[in-house]
Amino acid sequence: MKKIFCNIFGHHYSVSKKVTGHIKEYKCVHCGREVTTDVDGNLSTLTPELQEINETLERLYQRRHRAAQVVAPKTPPQVTKDVTQKVA
Ligand SMILES: [Zn+2]
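What you see as residue numbers is a count from 1 along each chain, following the sequence as written. The predicted origin of the model limits local features to residues at a pLDDT of at least 70 and limits the giving and counting of side-chain atom pairs to 80 or more, whereas totals for whole chains, interfaces and linings rest on all residues. Only hydrogens and water are set aside when side-chain values are computed; all heavy atoms of the structure are taken into account.

*Asks:* Explain the overall build of the protein to me, using residue names and the numbers behind them.
*Replies:* Secondary structure counts use DSSP, requiring at least four H or I residues in a row for a helix and at least two E residues in a row for a strand, with both numbered from the N terminus. A count of helices and strands for the protein gives two helices and four strands. The contact criterion used is simple: two residues touch if any of their non-hydrogen atoms lie within 4.5 Å. Counting contacts in the protein only where the partners sit at least 6 residues apart, residues at least 24 apart contribute 25% of the total. All accessible-area figures derive from a Shrake-Rupley calculation using a 1.4 Å probe, and residue coverage is judged against the displayed protein chains alone. When the accessible surface of the protein is totalled, it reaches about 7700 Å², and 56% of it is carbon and sulfur.

*Asks:* Describe the environment of His-30, with residues and values.
*Replies:* Of note, His-30 is situated in the loop between strand S2 (24–28) and strand S3 (34–37). We call a residue buried when its accessible area falls under 20% of the maximum for its residue type, exposed when it is over 50%, and partly exposed in between, using a 1.4 Å probe and counting protein chains only. With relative accessibility at 28%, the residue His-30 sits in the partly exposed group.

*Asks:* Quick rundown of the sheet that holds S2? Include the residues and the values.
*Replies:* Strand pairing is assigned whenever DSSP detects at least two bridges linking the two strands. Pairing in this open sheet of four strands is antiparallel, and the strands run S1-S2-S3-S4 from one edge to the other. Edge positions in the sheet fall to strand S1 (13–18) and strand S4 (43–45), since each has one partner strand and no second. Going across the sheet, the axis of each strand differs from the next one's by a mean of 35 degrees, ignoring polarity. Sheet topology note: the S3/S4 ladder contains three bridges and is antiparallel. Considered in S4, the bridge of Thr-37 is made with Leu-43. Lines fitted to C-alpha atoms define the axes here, with helix axes fitted over just the stretch in contact, and angles between the N-to-C directions of these axes take values from 0 to 180 degrees.

*Asks:* How would you summarise the pattern of salt bridges if you had to cite specific residues and measurements?
*Replies:* Salt bridges are defined by distance alone: a side-chain nitrogen of Lys or Arg within 4 Å of a carboxyl oxygen of Asp or Glu. For the coordinates displayed, the defined rule picks out one salt bridge. The residue Lys-17 makes a salt bridge to Glu-58 at a minimum N-O spacing of 3.3 Å. Taken together, the residues Lys-17 in strand S1 and Glu-58 in helix H2 (residues 48–71) connect sequence positions 41 residues apart. With relative accessibility at 25%, the residue Lys-17 sits in the partly exposed group.

*Asks:* A description of the coordination of the zinc ion should follow, citing residues and the corresponding values.
*Replies:* Those protein atoms acting as donors to the zinc ion are Cys-6 (SG), His-11 (ND1), Cys-28 (SG) and Cys-31 (SG), and they sit at 2.1 to 2.4 Å. Bound by four donor atoms, the zinc ion shows angles of 100 to 114 degrees at the metal and therefore tetrahedral coordination geometry. Owing to a relative accessible area of 4%, Cys-6 belongs among the buried residues under this scheme. Note on Cys-31: relative accessible area 26%, which makes it partly exposed. Donor atoms are limited to N, O and S found within 2.8 Å of the metal ion, a distance that becomes 3.2 Å for Na, K and Ca. With water left out, some sites might look partial. Here the metal geometry follows the donor angles, with tetrahedral for four donors whose angles all fall between 85 and 135 degrees, square planar for four and octahedral for six when opposite donors are more than 155 degrees apart and every other angle is between 65 and 115, and irregular for all the rest.

These results come straight from atomic positions and should not be treated as a statement about function.
Right, dumping it as C-alpha cells:
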C-alpha cells in the first residue's frame, strides 16, 4: 500500500545521514527506500557498496575537518578598546 503511494506521488526523501558537505543519504518516509548522492550529484539507490564508499568518505571528511581545526586554532579576542576618558 505504501509502495503504491510512492509509485503515484513519488518518494518523500528526508536526509538520514550527512556524509560530507556534498554527499548525503536519504530515506523515504513512506516506504523506507534509501538513496544517496553519487559522484555526479544524482540520487542512486543505496547499495551495500555505496554505503561502504560513504562510510570511507565520511571518515576522510571528518579527519580532514578535525585536522583543519588543529592547524588553525581560534585566537582569543584581544582587548584593544581604550577605556580612558578625558575629563574637560
Ligand atoms: Zn517511497
